[in-house]
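Here are the chains, one letter per residue:
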Amino acid sequence: MIGLKNIRKKRKLNQQKVAMDLNISREALSYYENGKREPSLALLVAMSRYFNVSINYLITGEEFQKKK
């Protein structure tokens, strides 16, 4: 979840604020950011909407690119 931590820091949000907004614990968010746990698909969608980025970005830190 490389992009999750990057986008949170880029937007200058702390873990507690994001966790409260997503209705999860700060510890859970930390585990997701550090790769100790994987979020459910529903939570990935919620995170994607919250940050207005793709799920691919949250996972890889890169936007999806179509092959030409």
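Everything numeric in this text was worked out from a predicted model, so none of it was measured.

Time to look at the overall build of the chain. Broken down by element type, the chain carries five helices and zero strands. For a compact globule of 68 residues, the expected C-alpha radius of gyration is about 11 Å, and the chain comes in at 12 Å, within 12% of that figure. Projected onto its principal axes, the C-alpha positions of the chain cover 40 × 25 × 20 Å. Counting the 68 residues in the chain, one finds 34% classified as buried. Long-range pairs, those at least 24 residues apart, make up 53% of the contacts in the chain with a sequence separation of at least 6. Entry remark: accessible area of the chain is about 4900 Å², with carbon and sulfur atoms responsible for 49%. Here the chain holds 14 positive side-chain charges and 6 negative ones, and the gap between their average locations is 4 Å.

A low pLDDT score tells you not to read the predicted coordinates there in detail. Per-residue confidence for the chain gives a mean pLDDT of 93, with 93% of residues at or over 70. Confidence scores differ between elements of the chain, with helix α5 (residues 55–60) showing the lowest mean pLDDT of 92 and helix α2 (residues 15–22) the highest of 98.

Cut-offs used in this document
Residues numbered from 1 in each chain as written. Predicted model: local features only at pLDDT ≥ 70, side-chain atom pairs only at ≥ 80, totals over all residues. Heavy atoms only, no water. Helix = DSSP H or I, 4+ residues; strand = E, 2+ residues; numbered from the N terminus. Rg over C-alpha atoms; globule rule 2.2 N^0.38 Å. Buried < 20%, exposed > 50% of the residue type's maximum accessible area, 1.4 Å probe, protein only. Contact = heavy atoms within 4.5 Å. Areas by Shrake-Rupley, 256 points an atom, 1.4 Å probe, with all protein chains shown as cover. Lys, Arg positive; Asp, Glu negative; His and termini not counted. Charge placed at Lys NZ, Arg CZ, Asp CG, Glu CD. pLDDT = per-residue confidence, 0-100.

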